Each structure stands twice: as C-alpha cells, then as structure tokens.
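Remarks on the overall topology
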Amino acid sequence: MELSLARVDYLQVGVTAQKTMRLLPASGKKATQKVVVGDQDGVVTCFGIKKGEAVPVFKTLPGQKISRLELGGALNTPQEKIFVAIGSEVRGFTKRGKQFLSFETNLTESIKAMYISGADLFLCASYIYNHYCDCKDQHYFLSGDKINDVLCLPVDKVNCITPVLACQDRVLRVLQGSDLLYEVELPGPPTVLALSNGNGGDSGEEIVYGTSDGKLGLAQITGTKAIPRWEIGNEKKRGGILCVDSFDILGDGVKELLVGRDDGMIEIYNFESADDPVLRHDYALSESIASIQGGCVGKDGYDEILAATYSGWLTGLTTEPVHREGGSGEELKLSQEMQNKISSLRSELEQLQIKVLQERERYQHSSQSSTAVSSVPAFSVNDKFTLNKDDASYSLILEVQTAIDNVLVQSDVPLDLLDVDKNSAVVSFSSCDSEPNSNFLLATYRCQANTTRLELKVRSIEGQYGTLQAYITPRIQPKTCQVHQYQIKPLSLHQRTHSIDQDRPMNTLMLKGQFSFAEIHSWVVFCLPEVPEKTPVGECITFYFQNTFLGTQLESTYRKGEGYFKSDNISTISILKDVLSKEATKRKINLNISYDVNEESVRHTLKLIHPKLEYQQLLAKKVHLIDALRELQVHEGNVDFLLPKYRSILEEADQLLEEYKRQPAHLERLYGMITDLFIDKFKFKGTNVKTKVPLLLEILDGCDQDGLIAFFDTA
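What counts and what doesn't
- Residues numbered from 1 in each chain as written.
- Predicted model: local features only at pLDDT ≥ 70, side-chain atom pairs only at ≥ 80, totals over all residues.
- Heavy atoms only, no water.
- Helix = DSSP H or I, 4+ residues; strand = E, 2+ residues; numbered from the N terminus.
- Rg over C-alpha atoms; globule rule 2.2 N^0.38 Å.
- Buried < 20%, exposed > 50% of the residue type's maximum accessible area, 1.4 Å probe, protein only.
- Contact = heavy atoms within 4.5 Å.
- Areas by Shrake-Rupley, 256 points an atom, 1.4 Å probe, with all protein chains shown as cover.
- Lys, Arg positive; Asp, Glu negative; His and termini not counted.
- Charge placed at Lys NZ, Arg CZ, Asp CG, Glu CD.
- Domains from an automatic or database assignment.
- Buried area = accessible area lost by both parts, 1.4 Å probe.
- Pairing = 2+ DSSP bridges.
- Axes fitted to C-alpha atoms, helices over the stretch in contact; angles between N-to-C directions.
- Parallel < 35°, antiparallel > 145°, perpendicular 65-115°, else oblique.
- Left-handed = near helix turned anticlockwise from the far one by under 90°.
- Nonpolar A, V, L, I, M, F, W, Y, C, P; charged D, E, K, R; others polar.
- 1 Å grid on protein atoms, 1.4 Å probe; cavity = no way out; pocket = protein on both sides within 12 Å on 5 of 7 lines; lining within 4 Å.
- Points joined across faces, edges and corners; volume = space filled by probe spheres on them.

Moving on to the overall build of the protein chain. The helix and strand tally for the protein chain stands at 11 helices and 43 strands. At 29 Å, the protein chain has a C-alpha radius of gyration in line with the 27 Å of a compact globule built from 715 residues. In terms of its C-alpha atoms, the protein chain occupies a principal-axis envelope of roughly 85 × 75 × 75 Å. Here the protein chain holds 715 residues, and the buried ones make up 50% of them. At a minimum sequence separation of 6, the contacts of the protein chain that also span at least 24 residues come to 57%. In the structure as shown, the protein chain presents an accessible area of about 34,600 Å², 49% of it carried by carbon and sulfur atoms. Averaging the locations of the 77 positively and 95 negatively charged side chains of the protein chain gives two centres separated by 4 Å.

Moving on to the domain arrangement of the protein chain. One can read the domain layout of the protein chain as domain 1 (9–318), domain 2 (381–488), domain 3 (494–597) and domain 4 (600–714). A separation of 32 Å is found between the C-alpha centroids of domain 3 and domain 4. Between domain 3 and domain 4, the residue contacts involve 17 residues of the former and 17 residues of the latter. Across the interface of domain 3 and domain 4, roughly 1,500 Å² is buried in total on both sides, 69% from carbon and sulfur atoms.

With a phi close to 65°, E530 is a non-glycine residue in the positive phi region. Tracing the sequence through the fold places E530 in the loop between α4 (517–527) and β40 (540–547). Residues other than glycine seldom take positive phi values, yet K588 does so here, at roughly 60°. Note that K588 resides in the loop between α5 (570–586) and β43 (591–596). What makes K588 exposed here is its relative accessible area of 76%.

Taken in spatial order, the 4 strands line up as β14-β15-β16-β17 in an open sheet, and their pairing is antiparallel. Of all the strands in the sheet, just β14 (147–152) and β17 (179–185) have a single pairing partner and so form its edges. The mean angle between the axes of side-by-side strands here comes to 25°, regardless of whether they run parallel or antiparallel. Relative to strand β15 (residues 163–167), β14 runs antiparallel, the two sharing 5 bridges.

To continue, consider the packing of α5 against helix α9 (residues 666–683). Viewed as axis vectors pointing N to C, α5 and α9 meet at an angle of 65°, and their least axial separation amounts to 9 Å. Judged by the inter-axis angle, α5 sits roughly perpendicular to α9. At the point where α5 passes α9, the crossing takes the left-handed sense. Residue-level inspection shows I570, S571, S574 and D578 of α5 in contact with α9, the latter providing D676, L677, D680, K681 and K683. A per-class count over the contact of α5 with α9 returns 2 nonpolar, 2 polar and 5 charged.

Considering only enclosed or pocket space, the second largest pocket measures out at about 1,200 Å³ in volume. Around the second largest pocket sit 41 residues that line it, and R22, Q79, Y115, L195 and G198 are the ones nearest its centre. For the lining of the second largest pocket, the secondary structure elements donating two or more residues are β2 (21–23), β6 (66–72), β10 (113–117), β14, α1 (155–158), β18 (190–195), β22 (241–247) and β26 (289–295). The dominant element in the lining of the second largest pocket, judged by the number of residues it contributes, is β22, at 5 residues.

Another aspect to go through is the environment of T45. With respect to the helices and strands, T45 occurs in strand β4 (residues 44–50). Taking the relative accessible area as the measure of exposure, T45 reaches 7% and is therefore buried. In sequence terms T45 and S380 are 335 residues apart; their C-alpha atoms lie 20 Å from each other. Leave out the neighbours within four places in its chain, and T45 touches L11, V13, V35, V36, V37, F58 and K59.

With respect to the helices and strands, the residue Y129 is situated in strand β12 (residues 128–133). Put simply, Y129 and H139 are 10 residues apart on the chain and 8.1 Å apart in space, counted from C-alpha to C-alpha. Setting aside residues no more than four positions away along its own chain, Y129 makes contact with F122, L123, C124, H139, Y140, F141, I147, V150, P163, L165, L175 and G177.

Dropping the structure here:
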C-alpha cells in the first residue's frame, strides 16, 4: 500500500525537550484529537485544529522548564490527565487545564525521565530512580551511569511492577522493587524506551529501544532474562533516536513504528514479515524531532503523524490529500479556504512587522538614554559531542532555536576537520600560531540563511588532550555569542564496550599509592570518554574499552590505593602512565608505578594496523595517478590500451577522490601511530630510539609487514 503524506505546520511554542508532546484520546471514533505540549519556558499548551487553524484549549503561565510530559489516569480508562515534570516537581492538569496536583518530590536534582501507570509514578534524575504510589515513596535505586529514560511493563498484563531503566552505559536495567533484577546489554547508549505496539505486545513484555548512535531494537523482558527479538543497525548513518510511537498510519490493521531522530528524520517502519520491521517511508525536517505521535489532528477521518521539533514547531504529516479530486465547486471551495488563510497570514505578518519596528525604536531610545542597561538576548543551544565507532571521529552537532549566522571553532590540540555531506556551511581556515597561544585549529563556518542545525566532524590524536571551543553566533540583534567547550581526552578514541578478548597478548600498568577511590576514578574520567562522573558504588570497578580507530582494547580495574590497566596496545599504556603520573603529581600524591610489557603485543598491534596502512597507501597511490591518467585519456581519445588496473582507477576516480577527501591525513595518522608504538616499546626499556624514526618511515613507505616487524624486533 502506497503512503502519501503532506506536511502541515500548525503552531510554534517555545523550545521543547525530548518526550514533551502527547495527543489526548479522541472523544469519538473519528473525532480529531487535542494536542498538549510543554516547552522550556514552562508553558503547557493544549490546542485543537479547526479549519486548519490552531484553537487553544488552555495555556499555563511561564515558569521553570518542562523536562517531560506524560498522560495518565486509572488503569483501563482513557489516559487523559496531563502530568508534567518541572524541576523536581510533578504537576497534574485535567484536559480542560485545571491543576489538580502539585507533588514536590524528595529529589535533589531535576527530573530527567518520567513514566506513569495508574497510581504509580516512576521518576529518574541523573543517577537516581524513585517509585511513588499515590505520591508516597515506595522504592529507590542508584544507577551506575546516567539514566536517559524509564518505563514500566503494563501491570494488567504481567501482574507485577517491572520498571526498566535506559542507562548511558549501553544497558537496560530491569528492577524489582529497589533491587536490580538483571541487566540487558545493548549495542549503543539507549536514549528512548517505548512499549511495543503501545501495549507491550501480546505478552506485555516487549519493549522497543532507540540508541544515541541511531540503532533500533526490540527486547522481551521476562521475569528472569531478556530475549532479543530484532535489531536494526544504522546503515544510512542517520542521527540518534529521540522518540518512538506505535500507530497504524497505513490503515492495514497493524500498527507501524514511528521513529524521530535528532537529525530531523521521521521514519515509518512496517511489520510486513511479522518479524523484522521494514522501513516504508521517511521524511526529513530541518531540526531534531523531540516528540512523535500518531493520531487524527487536522481533520476527522484523516490520520497523521505529529512531530514536535526542538525549536517548538508542531508539524503534521497528514494522509489528507492536498489536491482533492472532484468538481470545480470543490476546487473553488478549497481555493477560497486557501485565500482566507493567506489573507489572515498577511494581516498577521503586517501586525508583526509594525510590532518589530515599535520594539526596535523603543530599544534604540532606551539604549541611548543616561540610564541605559545593555541587554543581551538569550538563546538556547542544543549540543551533542559524540564519538562515532564507524570512522573513529567525533560528531559535534549544534542546534539553535533561531538561524545560525556563523560558528567559530578553536582548539588547543591538533585536530583533523572531516567533511560532512549534510553540511552546507562555507568553511574558512585561519592560520594559527601554535606556540604562544596553543592554537592548533581556527575555522569559521558561515551558514546559509535559515540554518538552525550544524554538524561538524573532527578526529583527534590519542595522547594529545585539551579543549575544543565553539563560538556560536545566531542571526539576532543585537549581536551576541555563546561559547561551548568540549574536552578532548588523552584516550579520546576509546569507546566503552561490554567485554573484551582476554586471549590477546596484554601489557599491564599497575599503580599503588595513598589515593582514594574517588581520586583514581576522577583520573580515569579525565583520561577516558564515556565514564560516569559520579564515583561508582562499591569498593572496586572494572571498565572495558575498545579503540575505535585500531580495534585494540583496554581493561581498567581500580579501587582505593591501587589500579590495574591492561591493553594489547603499548601506546595506550604509555599514555595512561604519563597522564596518571601528571595528575597524581598535581595533587602531591606519591605513586608507585610498575608495568609488565608483553613483546608479543607489539607484533599483534602491527598486524592490526597493517591492513589499514596497506589500504590507505594503495588509495593514496591511486589518487595520485588520477590526473595523469585523465590527461592520457584526453590526448589519446580512449583508454583501451591501458592495463585493466589503470582503467578501473579511471572508472572509480570520483569515488576514490571522494573517499580520499573524506579522510584527510588518514595515512599520516597511521604513520604517527606506528612511530609512537616504536618509541613507546623502547621507552619502557629505557632506550631512546628517536634517531631511528627516519629509517622506520622508509620501511613504512615500502609497506612490507614482515620487514616492519623485523625492524621492531632488531632496532
């Protein structure tokens, strides 16, 4: 069945957070549904649509920002009570806008996630989960990492309260009371949870999860373990998933899966085979989708998908045809309706222009008076700085509620700026003096009109750490700028993983000294990404990491007074040794450092690097031949006389150039890693081999794996 959807923009509210828009249940079978949305100005807005216009039902006064909005009510009755999380408080409103609940929780932090089931209220701050029943405290749990979302399996189906927490360390934590029942390992950090089919499926145990790296999956949460049902990777390299809903938009009696991503993609998945969902339809908006719902909003009888975007736009994708078939009378009626809409928009625009002129004059007058106070306009920035496993690069996504004028990027450590296909901004580089100011990167992105979202990609070098700064200037008057800082950590290309291969040859670094558990944890947080800032509960903790560029691994185990770090890459151990020594010296803590170097690990790391090195060298050679081969082609008219391998280079020239352009300095990075490996191997033996580096580079140009290993062994 073909699906045709038309876009309709209904209304704009303030900036919205994730999961803050819901559709109230319809009063009749084909009646339209009311929309309720909470924004970061603290306003709850409820409205319906009549003749294509938004008609308000109620609107609350501004206040603290709303972090979550959920619908509730008695079990097995229409869920039409509105609950919002504001700071550490939960407020309840009727569908008419009357406030009936103001519940101040005992949470010291703001509420980040909320779920409601009958009289049960499930709330999560950054690390703390609380369960309340009729506003009375029932259960409490302290998570090992940040909690991104929470839900509870339907009590009427599973006959017990089973909360599920989506945690940043790539696990779902299934609870029973205040205790952890078990953990479910996921391929990425889960950002959103939803009941499958809206009700947990036939068993009530099925939940859909979306991850920050764009993966989607379904797991069955039984009483003893989780059973994975299906999982969809992110082959198209789209954004992270922020919201999920189930709704039968195709009208075939089976609910489709609606997915909203942080790059503005809306996706509809259909369960054709009844097993794995298939992507049937997608639609791109220009900003992240904070909430998504399926229902009937604009016109009765026509289903649609309603999305709330970051800047507060409520946009519908409706099944109502834009161009109706029928007689001229209906066409005339439609054009009359459109004319009325256009004239009302024109008058509204004129009023706004007059208001802008009046406000501008008032501002000019007040700024020139003797009691003038400079006012800097405030604006919201939604930013995300994450490591991509696929290409070992960092994505910096900046989203502003108004159009971006320019973004200046500055770094005090060497970084490679990589090409991003979706990026339409014009980039210009400034020469920077790295010695006195520690400036290694200075680039300006000038955005086109109406660009509210900018994505940049950078690749760091392990062992070199510092700060990346983004100066964001939007198109607002008077000109103002916000600075956002992002830490580049010493082992920046490492990513958390659930387990490692213990059979690899490992090097070990051992630390002993008069340091507390909190102190050594803070050093690990400083060195490695994806480690929770909060000190773990218990006496000892183990974290596993994988290097996204090389595939080498790291195991870190530490407790009060001692730490053990194992890696199959000697350079990782060398970086850790240097940084941890420096951090301990800063705090005047005396460290006893010992290490155990495995000679076999160097050969193992070289074998991991070599295929990448060979591929990049071959790519570089092919790219250098392209111009000469194209010149030959122009002079000779045809290339039949060339060897097949040269003909294939000409045929694939565009793809080769594109790949080479997308990965600048890739070969130099690999050369650098092998050089560091060589220096680090002998550093642990107390030998300085920097004079032999030119000879090593000659061998690298020859790309002979056996010769390279022999050089490492005999140098």
